[in-house]
Amino acid sequence: MSRTVEGKCLCGAVSFTAKGPFEKTSACHCSQCARWTGGRYASTTVERARLRIQGEASLKWYASSDHARRGFCACCGSSLFWENPGSGKIDLLLGALTPPVDLEVDYHIFVEGKTDYYRICDGKPQYAEYTNGPQVEPSED
Ligand SMILES: [Zn+2]
Ligand SMILES: [Zn+2]
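The sections below set out a description of the structure shown in this document. (Residues numbered from 1 in each chain as written. Chains lettered and ligands numbered in written order. Predicted model: local features only at pLDDT ≥ 70, side-chain atom pairs only at ≥ 80, totals over all residues. Heavy atoms only, no water.)

Concerning the overall build of the protein
Stage number 1. From N to C terminus, the protein includes one helix and 12 strands.
Stage number 2. Put simply, the protein runs from its N terminus to its C terminus through helices and strands in the order β-β-β-α-β-β-β-β-β-β-β-β-β.
Stage number 3. Radius of gyration (C-alpha) of the protein: 15 Å, near the 14 Å computed for a compact globule of 141 residues.
Stage number 4. For the protein, the C-alpha atoms occupy an extent of roughly 45 × 30 × 30 Å along the three principal directions.
Stage number 5. In the protein, the share of contacts with a sequence separation of at least 24, taken over all contacts with a separation of at least 6, comes to 50%.
Stage number 6. Counting every atom, the protein has about 7,900 Å² of accessible surface; 49% of that belongs to carbon and sulfur.
Stage number 7. In the protein, which carries 16 positive and 17 negative side-chain charges, the distance between the mean positions of the two groups comes to 8 Å. (Helix = DSSP H or I, 4+ residues; strand = E, 2+ residues; numbered from the N terminus. Rg over C-alpha atoms; globule rule 2.2 N^0.38 Å. Contact = heavy atoms within 4.5 Å. Areas by Shrake-Rupley, 256 points an atom, 1.4 Å probe, with all protein chains shown as cover. Lys, Arg positive; Asp, Glu negative; His and termini not counted. Charge placed at Lys NZ, Arg CZ, Asp CG, Glu CD.)

Regarding the sheet that holds strand S5 (residues 51-54)
Stage number 1. Spatial strand order, S1-S2-S5: three strands in an open sheet with antiparallel pairing. The open sheet has two edge strands with one neighbour each: strand S1 (4-8) and S5. Averaged over all pairs of adjacent strands, the angle between their axes in this sheet comes to 15 degrees, without regard to strand direction.
Stage number 2. Where strand S2 (residues 15-19) and S5 come together, four bridges link them in antiparallel fashion. Following the sheet pairing, Ala18 is matched in S5 by Leu51. (Pairing = 2+ DSSP bridges. Axes fitted to C-alpha atoms, helices over the stretch in contact; angles between N-to-C directions.)

What to know about the environment of Thr98
Stage number 1. With respect to the helices, strands and loops of the structure, Thr98 is situated in the loop between strand S9 (89-93) and strand S10 (107-109).
Stage number 2. Not counting residues up to four positions away in its chain, the partners in contact with Thr98 are Glu6 and Gly7.

Notes on the coordination of the zinc ion (ligand 2)
Stage number 1. All of the protein donors around the zinc ion (ligand 2) are Cys28 (SG), Cys30 (SG) and Cys33 (SG); their distances to the metal are 2.1 to 2.3 Å.
Stage number 2. In primary-sequence terms, the residues that donate to the zinc ion (ligand 2) follow C-x1-C-x2-C. For the pair Cys28 and Cys30, a shared accessibility class is recorded, and that class is buried. (Donors = N, O, S within 2.8 Å, 3.2 Å for Na, K, Ca; no water. Buried < 20%, exposed > 50% of the residue type's maximum accessible area, 1.4 Å probe, protein only.)

Let's talk about the nonpolar core
Stage number 1. Of all hydrophobic cores here, the largest spans 23 residues; its most connected members are Phe16, Leu51, Leu80, Phe81, Leu92 and Leu97.
Stage number 2. Of all the elements in the fold, those that place two or more residues in this core are S2, strand S4 (41-47), S5, strand S8 (79-83) and S9.
Stage number 3. Judged by nonpolar contacts, the second largest core, of 10 residues, contains Cys33, Trp36, Tyr41 and Tyr107. (Core = buried A, V, L, I, M, F, W, Y, C linked by side-chain atoms within 4.5 Å.)

Looking at the coordination of the zinc ion (ligand 1)
Stage number 1. For the zinc ion (ligand 1), every protein donor is listed as Cys9 (SG), Cys11 (SG), Cys73 (SG) and Cys76 (SG), and the spread of their distances is 2.3 to 2.4 Å.
Stage number 2. In this structure, the zinc ion (ligand 1) is surrounded by four donor atoms whose angles at the metal cover 107 to 112 degrees, and the resulting shape is tetrahedral.
Stage number 3. All donors of the zinc ion (ligand 1) come from a single chain, and their spacing in sequence reads C-x1-C-x61-C-x2-C. In this pair, Cys11 sits in the loop between S1 and S2 while Cys73 sits in strand S7 (residues 68-73), placing the two residues 62 residues apart along the sequence.
Stage number 4. Using a relative accessible area of 44% as the deciding quantity, one classes Cys11 as partly exposed. (Tetrahedral: all angles 85-135°; square planar, octahedral: opposite > 155°, others 65-115°.)

A short note on the pattern of salt bridges
Stage number 1. All chains considered together, the criterion is met by four salt bridges.
Stage number 2. One salt bridge in this structure joins Arg48 and Glu83, with 3.8 Å as the shortest N-O distance. Taken together, the positions of Arg48 in the loop between S4 and S5 and Glu83 in strand S8 put the pair 35 residues apart, joining distant regions of the chain.
Stage number 3. The salt bridge partner of Lys124 is Glu104, with a shortest N-O separation of 2.8 Å. (Salt bridge = Lys/Arg side-chain N within 4 Å of Asp/Glu carboxyl O.)

Right, here's the structure in full:
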């Protein structure tokens, strides 16, 4: 898919456009993503060169591990981007995109560490951690 998506933070200080193809669209259920979003994390991956950011002065980055940093709006706190610096790719948070998003979560990662206040019911593949590790049987609900 090579269409263009648009997104922005809650206050509008940071906005962006990104041109596909969108390589993978997934939900991460790890505790970092839960705390960072305050909800559920889902993102899609694009080439960094295909992303245009407006209002970059308001965009702040938090290094959440040796290989990841998370971009958010310094004015309103919205979670916007996840990036492995140097990879040439960046993940856009689906909640920041302007609907219709027209992308579906293809699979779930880090379901083993998932918090307990919601269930995953979409029937998509679930992985204990990364997609190169073991899969978890979806529960019947
Ligand atoms: Zn903002
Ligand atoms: Zn995560």
